[in-house]
Structure formats: structure tokens, C-alpha cells
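# Results of the structural survey
Next come the chains, spelled out residue by residue.
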Amino acid sequence: MIISLQRITAGLTKNRVETQIENKGYDNYALNRFKKTRLLADHILLKKARAESKYILKKNKTSSWKNFTSSINNHTHSSTLWNNIKAFKGIKYQHIPNTLHYEHENTQVELSSTCDIAHSFVKYFQTNSSNSNFDNDFAIYKKAKDESFNINSYIHSNNNEYNLPPTIGELHSELRNCTSKSPGSDDIAYTFIKNLSEFALNKMLTIYNLIWAHGILPIKWC
């Protein structure tokens, strides 16, 4: 006998129904039943169960969004807004811990200041990348190679494709693939650059090619 969706959810409150939907309770029941019987009637039951669960979740999501937007005021922190928006969109993320615990020279260290935590990470990566980790022979070899390497002579003496000046096609391609909306230190967002005229883009490309050819960056970029 086919068990209807109403019978599956009979006697449950709205919250319990939503909880069961989120846990894929009767979705799984209908799916397992259809896998066993392969009957058309059970397939219809499965589709009904999935449709009902989607409807209730969508309705609950809409209600939650309305409650959230109506609670926003001038005291609402921006991080709260974005965290809720990400949650509604189903984006999973991890919160950065407020306290960092680590061991240093057999001593347990606890940092709670964001600045101190950032500096500890910087120091950790700096230590890992330090030349002091190399043995003496390799350190001498590396130093000699670093001092003899000249990037400008390498660029001008090598005509491989990856050393050729950028083209307007490559500039268009990079702008199309750029998804960042945040402006840099010049406060110019990529959206503005993407909508420049072809004449303006060619002027910008000329600047890039001069930088590429001479190996000199504007002072403000350094």
C-alpha cells in the first residue's frame, strides 16, 4: 500500500516537518521505497516528497529572509549582514578563531589580538622561508645564482612567446576573467576598466608595454 505524503507528515508540527525535511527524512523513505519496488506509484510518491520538501524549505527561507531584512538597522554590523547573506546562499565558510594557541620552545602561547596573531603567522612563514634553513653549500650556491641573475637581460635576450609584450587580445582576456570588484590603491574598480573604450584600453596597454620593455614600475606601484 502506498503511504501518502500526508500520512508521513501526519501529527508533526511545522517545525518538526521542516527539521525532517532538512534531514531528508521522508525524501529518503520515498527514495528507498522506489529503489525496492520500481513501481510508477512509488516514483510519483518520491517526486511529490521532493517537491513538497523544496516548497517548504523555500517558504521557510523566504520567511527567514523577510525577518532578517526587517531586523536590519543602523546598528547592524556589516559582517552580520554578509554572514547571513552567505548563509542564505548556502555558502559554507569557517570562522576565524578569536584566539590562537601554539607551542613555542616548549611553552604554550595564547594570542587574542588580531594584530599579534597576524604577526605570528608572518614570523612563522618568514622562518620557514629563511635562508638559515639551508645547509651551507646550498646557501652559497643560491646566493651566487641570485646575484648573477638579471631579469632585464633575460627578458630582452629571450624571444620566447611568454616574453613577448602583452597584446590587446590578452588584455581583453584578462579583464573578462577578472571577477574581483574591489578597487586597488588607486580606487579604480575593475568594472570601470572593463567598460573603457578601445582607445583608452590601447593607451593603457601602451603603458603596460613600456613597463614590460624597460622593467621599471611607477613609484606608486612599488
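Refer to the structure printed above.
First things first, this report covers the structure right here in the doc. Numbers given for residues are sequential positions, taken from 1 along each chain in its written order. Totals for whole chains, interfaces and linings use all residues, but because this is a predicted model, local features are given only for residues with pLDDT of at least 70 and pairs of side-chain atoms are given and counted only at 80 or more. The basis for every side-chain value is the complete set of non-hydrogen atoms in the structure, without hydrogens or water.

## Digging into the side chain of S53
- Counting from the N terminus, the helices are the DSSP runs of H or I reaching at least four residues and the strands are the DSSP runs of E reaching at least two. Looking at the element boundaries, S53 is found in helix α4 (residues 40-70).
- Note on S53: relative accessible area 4%, which makes it buried. Exposure is judged per residue with a 1.4 Å probe applied to protein chains only, and the accessible area is read against the type maximum: over 50% gives exposed, under 20% gives buried, and values in between give partly exposed.

## Description of the pattern of salt bridges
- Each salt bridge in this description consists of a side-chain nitrogen of Lys or Arg and a carboxyl oxygen of Asp or Glu lying within 4 Å of one another. Taken as a whole and assessed by the stated rule, the structure comprises one salt bridge.
- Across the pair R33 and D42 runs a salt bridge whose closest N-O atoms are separated by 3.0 Å.
- By relative accessible area, D42 is classed as buried at 1%.

## Observations concerning the nonpolar core
- L171, L175, I193, L201, M204 and L205 form the largest nonpolar core, which has six residues in total.
- For this core, the secondary-structure elements that each account for two or more residues are α9 (168-177) and α11 (198-214).
- With three residues, the single largest contributor to this core is α11.
- Every residue in contact with L175, bar those within four places of it in the chain, is listed here: Y190, I193, K194 and L201. Residues enter a nonpolar core if they are buried and are Ala, Val, Leu, Ile, Met, Phe, Trp, Tyr or Cys, with the set joined through side-chain atoms within 4.5 Å. We call two residues in contact when some of their heavy atoms are within 4.5 Å.

## Things to note about α11
- What a helix is expected to span follows from its residue count: subtract one and scale by 1.5 Å. A rise of 1.5 Å per residue sets the reference length of α11, with its 17 residues, at 24 Å; its end C-alpha atoms lie 24 Å apart and thus fit the reference within 8%.
- Residues of α11 that are buried: L201, M204, L205 and I211. Looking straight down α11, one finds that the buried residues subtend no more than 115 degrees of arc, so they occupy a single side. Seen from the buried face of α11, the exposed residues on the opposite side, beyond 90 degrees, are F199, L210 and H214.
- Where α11 is buried, its residues contact α9 and α10 (190-194).
- G215 lies just past α11 and shows a positive phi near 65 degrees. What the arc describes is the spread of directions from the helix axis to the C-beta atoms.

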